[in-house]
Amino acid sequence: MSHGTWEKFPLVVFSWLMAYRSWLLMAIDHATLRDLQVEIEGHARSYGLDFFPVVFEVLNYEQINEVAAYGGFPTRYPHWRHGMEYEQLKKSYAYGLSKIYELVINNSPSYAYLLASNSIVDQKLVMAHVYGHVDFFKHNQWFAHTNRKMMDEMANHATRIRRYAERHGTDAVEEFVDRCLSLENLVDPHAGAIVRKRAEEEADPSDVVPAASRLKSKDYLDRYVNPKDYLEKQRRRIEEEQKRKKRFPPVPERDVLGFLMKYAPLERWQQDILSIVRDEALYFVPQAQTKIMNEGWASFWHSTIMTQKCLTDSEIVDYADHFAGTLGTRPGSVNPYKLGLELFRDIESRWDKGQFGKEWEECDDVAKRRAWDKKTGLGRRKIFEVRRICNDLTFIDTFLTPEFCERLQMFTYVHNPQTGQYVIQDRDFKKVKERLLAMLTNQGSPVLAIEDANLENRGELLLVHRHEGMDLDLVKARETLRNLQALWSRPVHVSTAAGGAPKRITFDG
């Protein structure tokens, strides 16, 4: 051994010792985390939470950003969008703008990720939060039709798309995936729960035509019983019914991706990729439909478990600081953690005091309403019921009250083009509720449905925009039509309204 090697030897030993020390500390930390998991799981069950088995994995900030960029799944198909998301998360963490404390997957067993640099109090908080989420995944009816083995399914999707890239070329596959992803919101959010009749099970068009369009009468009374205008009206009605029955699809179809899978002139590998994008889009739909409830439910239980069971005296300040950061709000924005938590607390309090029902609704005495307490004690049962049956739309529509809006100082806002700032527009309860419901309807996206797939017998595709107070963004609409036309291979149209007037946008390629 040379002299130079001996000089380096102490550095090698020191490096090995430091690596061993880090491994030993990590092993100790993992043992501590396992004990915490057992403890917090026991507390969660004691409150009535019921969940899938939960597997916690500890990751450093780079690893957790990688997983988050894939939507929480460690293995997904390769695509530039995932890399872009990773860069954004990485820079946001590096500049101190955001930090991912936890990720949890709707799966059985559920997988949750803990950030290795978190303190013990943060790990406790995250674990309690995760058990709230997993209870929600398991019991909320909007998740009932989701794939509980999506972790494996995502890996299978990745394998299939990589094989197509090898066979048909990376550029061709990536371009097709781009088109499909640009249309991923064009699914029926209820597709997983609806059993539709097949086309051959629909009523035959001949069944629509009545056995006799003329009313029976004596010959000399016929011109009075069956006047010309009546017969003409009957004829037009029958023609319209026949046209409707011959239209394809017979009723407007919201599941645009599902329709394209079946009827667009695609190659088999393209059909498979489109089905992958559709399956993953449908899997994430319930999470978008229940964002406020899901985060509110998890926050409700982590605050309950932490404050009543887990916190030590030395951890209270850190917990309060981090919890306050999560619930912080900015003017003009909606924090789903804050809104969901406060609304669940409000429901529990109201049902504990009996502030519901006909008598409560008809009470106009403000002082009497404030002092109302029948000590019914039904709050805990009620929030479990709400957790099971509601989504964000029904949650807000049913349980948001004027008193709640006033207490949280909720308002609507508008952009002032002269100052370039957002200013308070209205504090009226009805206006606030209407704005919230509009944001939550179809996750704030316009509702489109296929009206006719053989427009004027030319094989062209016509979509209709169901106008519910939200105009189409015409720039985005044209890009959407461009990608739809590429899949349909024939001209594509969308009927909408702009400024109250009917408008049709067309892209023919």
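Scroll up to find the structure.
Engineer: What is the right way to read the overall build of the chain from this model?
Structural biologist: In terms of regular secondary structure, the chain is built from 20 helices and nine strands. Per-residue burial for the chain yields a buried fraction of 40% across its 509 residues. Contacts in the chain between residues at least 24 apart in sequence constitute 70% of all its contacts with a sequence separation of at least 6. On the chain, roughly 29,100 Å² of surface is accessible, and the fraction owed to carbon and sulfur atoms is 52%.

Engineer: Looking at this model, I keep getting lost on the side chain of asparagine 294. Mind explaining?
Structural biologist: Topologically, asparagine 294 is positioned in helix H11 (residues 291-310). Looking at asparagine 294, its side chain comes within polar contact range of the side chain of histidine 133, at 2.6 Å. With sequence-adjacent residues up to four places away left out, asparagine 294 is seen in contact with His133, Phe136, Phe137 and Phe143.

Engineer: Sorry if this is basic, but what is going on with the environment of threonine 506 here?
Structural biologist: With respect to the secondary-structure elements, threonine 506 resides in strand S9 (residues 501-507). Taking relative accessible area as the criterion, threonine 506 reaches 43% and is therefore assigned partly exposed. Sequence-wise, threonine 506 and histidine 493 are 13 residues apart; in three dimensions their C-alpha atoms are separated by 4.4 Å. Here threonine 506 is in contact with Leu481, Val492 and His493, once residues within four sequence places are set aside. In terms of polar contacts, threonine 506 uses its side chain to reach the side chain of histidine 493, at 2.8 Å.

Engineer: Help me understand the sheet that holds strand S1 (residues 54-59), please; the structure alone is not making it clear to me.
Structural biologist: Backbone-to-backbone hydrogen bonds pair the strands of a sheet. The strands run either parallel or antiparallel. Pairing is mixed across the open sheet formed by three strands, whose spatial order is S1-S3-S2. Whereas interior strands pair on both sides, the edge strands pair on one side only; in this sheet they are S1 and strand S2 (102-104). Going from strand to strand, the sheet's axes swing by 20° on average, the running direction of each strand aside. Along the sheet, helix H2 (residues 61-69) makes contact with S1, S2 and strand S3 (110-115), crossing S3 at roughly 145°.

Engineer: Where do I start with the layout of surface pockets in this structure?
Structural biologist: Taken as a whole, the second largest pocket holds about 710 Å³ of empty space. Looking at the second largest pocket, it is lined by 25 residues, and the ones nearest its centre are Trp360, Arg369, Thr401, Glu403 and Phe404. Split into classes, the residues belonging to the lining of the second largest pocket amount to nine nonpolar, four polar and 12 charged.

Engineer: I would appreciate a short explanation of the nonpolar core in the present structure.
Structural biologist: Ranked by internal contacts, the top residues of the largest apolar core, which has 56 residues, are Phe395 and Ile396. With 10 residues, the single largest contributor to this core is helix H4 (residues 120-139). Beyond its immediate chain neighbours, meaning those up to four positions away, phenylalanine 395 contacts Ile292, Met293, Gly340, Leu343, Phe344, Ile347, Val386, Cys390 and Leu400. Counting 42 residues, the second largest nonpolar core, distinct from the first, contains Ile450, Leu461, Leu484 and Trp488.

Engineer: Can you walk me through the pairing of strand S4 (residues 412-416) in this structure?
Structural biologist: Both faces of the sheet carry side chains from a regular strand, because those side chains alternate between them. Two strands pair when backbone bridges link them, and S4 and strand S5 (residues 421-426) are joined in this way by five bridges, in the antiparallel orientation. Opposite threonine 412, over in S5, you have aspartate 426 as the bridge partner. Connecting the antiparallel pair S4 and S5 is a turn made up of four residues, with glycine 420 showing a positive phi of about 75°.

Engineer: What is the right way to look at H11 in this model?
Structural biologist: Side chains of residues three or four places apart in an α-helix project in the same direction, reflecting 3.6 residues per turn. For H11, spanning 20 residues, the distance from its first C-alpha to its last is 26 Å, which sits close to the expected 28 Å at 1.5 Å a residue. Of all 20 residues that make up H11, 16 are buried, and the element is covered over most of its length.

Engineer: Explanation requested: unusual backbone geometry in the structure shown.
Structural biologist: Note on backbone geometry: most residues besides glycine have negative phi, and most peptide bonds are trans. For the bond from serine 108 to proline 109, the omega torsion is 0°, close enough to zero to count as cis. Despite not being glycine, serine 489 has its phi angle at roughly 70°, a positive value. Tracing the backbone shows serine 489 in the loop between helix H20 (474-488) and strand S8 (492-498).

Engineer: Can you walk me through the sheet that holds S9 in this structure?
Structural biologist: On the basis of which strands lie adjacent, the open sheet formed by four strands has the order S6-S7-S8-S9 and mixed pairing. Edge positions in the sheet fall to strand S6 (447-455) and S9, since each of these pairs with one other strand and no more. Neighbour-to-neighbour, the strand axes of this sheet turn through a mean angle of 25°, independent of strand direction. Most of the contacts of H20 go to S9, to which it runs at about 45°, and overall it touches S6, strand S7 (460-466), S8 and S9.

Engineer: Quick question: what am I supposed to make of the packing of aromatic side chains here?
Structural biologist: Describing an aromatic ring pair means giving the distance of the ring centres and the angle of the ring planes. Applying the stated rule across the entire model yields 26 aromatic pairs. Measuring from centroid to centroid gives 5.6 Å for tryptophan 297 and tryptophan 301, while their planes differ by 75°, and the two rings are edge-to-face. A residue pair is termed a helical-turn pair when its members lie 3 or 4 positions apart in one helix, as tryptophan 297 and tryptophan 301 do in helix H11 at four residues. With respect to class, tryptophan 297 is no different from tryptophan 301; both count as buried. Each residue in the set Tyr47, Trp297, Phe300, Trp301, Phe344, Trp351, Phe356, Phe384, Phe395 and Phe399 is aromatic and connected to the rest through ring pairs, giving one cluster. The ring of tryptophan 360 carries the charged tip of arginine 369 above its face, separated from the ring centre by 4.0 Å.

Engineer: In this structure, what is going on with helix H13 (residues 336-353)? I would like to understand it.
Structural biologist: When the terminal C-alpha atoms of H13 are compared, their 26 Å separation across 18 residues agrees well with the 26 Å that a helix rising 1.5 Å per residue should span. Among all positions in H13, only Pro336, Leu339, Gly340, Leu341, Glu342, Leu343, Phe344, Asp346, Ile347, Glu348, Arg350 and Trp351 are buried. The elements touched by buried residues of H13 are H11, helix H12 (316-327), helix H16 (379-389), helix H17 (392-399), helix H18 (402-407) and helix H19 (429-440). You can read the cap of H13 off the contacts: a side-chain oxygen lies 2.9 Å from the backbone nitrogen of tyrosine 337, and it is on asparagine 335. Residue glycine 354 follows H13 closely and has a positive phi angle near 75°.

What counts and how
- Residues numbered from 1 in each chain as written.
- Predicted model: local features only at pLDDT ≥ 70, side-chain atom pairs only at ≥ 80, totals over all residues.
- Heavy atoms only, no water.
- Helix = DSSP H or I, 4+ residues; strand = E, 2+ residues; numbered from the N terminus.
- Buried < 20%, exposed > 50% of the residue type's maximum accessible area, 1.4 Å probe, protein only.
- Contact = heavy atoms within 4.5 Å.
- Areas by Shrake-Rupley, 256 points an atom, 1.4 Å probe, with all protein chains shown as cover.
- Polar contact = N/O pair within 3.5 Å; in protein donor to acceptor, adjacent residues only side chain to side chain.
- Pairing = 2+ DSSP bridges.
- Axes fitted to C-alpha atoms, helices over the stretch in contact; angles between N-to-C directions.
- 1 Å grid on protein atoms, 1.4 Å probe; cavity = no way out; pocket = protein on both sides within 12 Å on 5 of 7 lines; lining within 4 Å.
- Points joined across faces, edges and corners; volume = space filled by probe spheres on them.
- Nonpolar A, V, L, I, M, F, W, Y, C, P; charged D, E, K, R; others polar.
- Core = buried A, V, L, I, M, F, W, Y, C linked by side-chain atoms within 4.5 Å.
- Expected span 1.5 Å × (residues − 1).
- Phe/Tyr/Trp six-rings, centres within 6.5 Å; stacked < 30°, edge-to-face > 60°.
- Lys NZ or Arg CZ within 6 Å of the ring centre and 35° of its normal.

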